[in-house]
Every structure is written in C-alpha cells, then in structure tokens.
Amino acid sequence: MSTEVQEETFTLEELLVSLKELHRLILWNDDVNTFDHVIFCMMKYLDYSENQSEKIAWKVHNEGKCAVLEGSFTEVEVYRKILQQEGLTVSVD
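If you're wondering where the values come from, they're calculated on a predicted model, not measured in any experiment.

(A) Spatial organisation of the nonpolar core. Leu25, Leu27, Met42, Ile56, Val68, Leu83 and Leu88 are the most contacted members of the largest nonpolar core, which has 17 residues in total. Listing elements by their share of this core, those giving two or more residues are strand S1 (23-28), helix H2 (35-46), helix H3 (50-63), strand S2 (65-71) and helix H4 (73-85). Element by element, the count of residues in this core is highest for H2, at five residues. Residue contacts for Ile56: discarding those within four places in its chain leaves Leu27, Met42, Tyr48, Cys66 and Val68.

Right under this line is the structure:
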C-alpha cells in the first residue's frame, strides 16, 4: 500500500497577505462521518468540550456547515490538513 503526498506551494505575497487576514475553517456535512467521529475530532484537535462538539455536529447536520476555527491562514491550514486526514470535509474561507 503506497501513500500519496500532495505538495502545495504559495508565493511570498500570498503568504504575507494571508498573515494579515483572518480565515475560517469550515466543517461541512457529509454522508460519511458519524456524529461520534466529528465530536471526537473536535475535542481531540480543536480542544472543544464534549458539549461544544455536540453542538457543532448538530449545526453541521442541520445547516450543512459550521465555522469551527478562526485565525491566520497558516494556523487554519494546519488544522484543515489534520481534519482532512481524519476524513472530515473541511475548507478554508
């Protein structure tokens, strides 16, 4: 079994602009992940309480998406990659 690695590159200008702007990490609803898995990931990686994580899971389920983190592009991008590796559907806004 082989592992694929996808490399992403950014220009210096893109990085400098991204450091000044606040970005949001959006968690999207999908038909793959369970409530328990979403709650687990929110608690483990984003340090949400169980109650907060449940609210996020329900919001994603009912509204289709939820902003789960706000910060610099670099910070949000790190968590996007982690949560994607856990199988969650996330994007940076």
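(B) Spotlight on the pairing of S1. Inspection of the sheet shows S1 paired to S2 by six bridges, in the antiparallel sense. The residue bridging Ile26 from the neighbouring strand is Ala67, located in S2.

(C) The packing of H2 against H3, seen in detail. The contact between H2 and H3 brings their axes to 9 Å, and the two run at 130°. In terms of their interaxial angle, H2 and H3 are classed as oblique. Here H2 runs over H3; the crossing is right-handed. Facing H2, whose interface residues are Phe35, Val38, Ile39, Met42 and Met43, H3 presents Glu50, Ser53, Glu54, Ile56, Ala57, Trp58 and His61.

(D) Up close: H3. Relative to the 20 Å expected for 14 residues at 1.5 Å per residue, H3 spans 20 Å between its end C-alpha atoms, a close match to the ideal helical length. Among the residues of H3, those classed as buried are Ser53, Ile56, Ala57 and Val60. Buried residues of H3, seen end-on, are gathered within an arc of 100° and therefore sit on one face of the element. Looking at H3, the residues exposed on the side facing more than 90 degrees away from the buried face are Lys55, Asn62 and Glu63. For H3, the elements touching its buried residues are S1, H2 and S2.

(E) Structural view of the sheet that holds S2. Overall, antiparallel pairing links the three strands, which are arranged S2-S1-S3 in an open sheet. With partners counted over all chains shown, the strands left at the sheet margins are S2 and strand S3 (90-92), one partner each. Each neighbouring strand pair of the sheet contributes to a mean axis angle of 25°, computed without reference to strand direction. As paired strands, S1 and S3 are joined by three bridges and run antiparallel to one another. Paired with Leu27 across the two strands is Val90, which belongs to S3.

Thresholds applied
- Residues numbered from 1 in each chain as written.
- Predicted model: local features only at pLDDT ≥ 70, side-chain atom pairs only at ≥ 80, totals over all residues.
- Heavy atoms only, no water.
- Core = buried A, V, L, I, M, F, W, Y, C linked by side-chain atoms within 4.5 Å.
- Buried < 20%, exposed > 50% of the residue type's maximum accessible area, 1.4 Å probe, protein only.
- Helix = DSSP H or I, 4+ residues; strand = E, 2+ residues; numbered from the N terminus.
- Contact = heavy atoms within 4.5 Å.
- Pairing = 2+ DSSP bridges.
- Axes fitted to C-alpha atoms, helices over the stretch in contact; angles between N-to-C directions.
- Parallel < 35°, antiparallel > 145°, perpendicular 65-115°, else oblique.
- Left-handed = near helix turned anticlockwise from the far one by under 90°.
- Expected span 1.5 Å × (residues − 1).
- Arc of directions from axis to C-beta.

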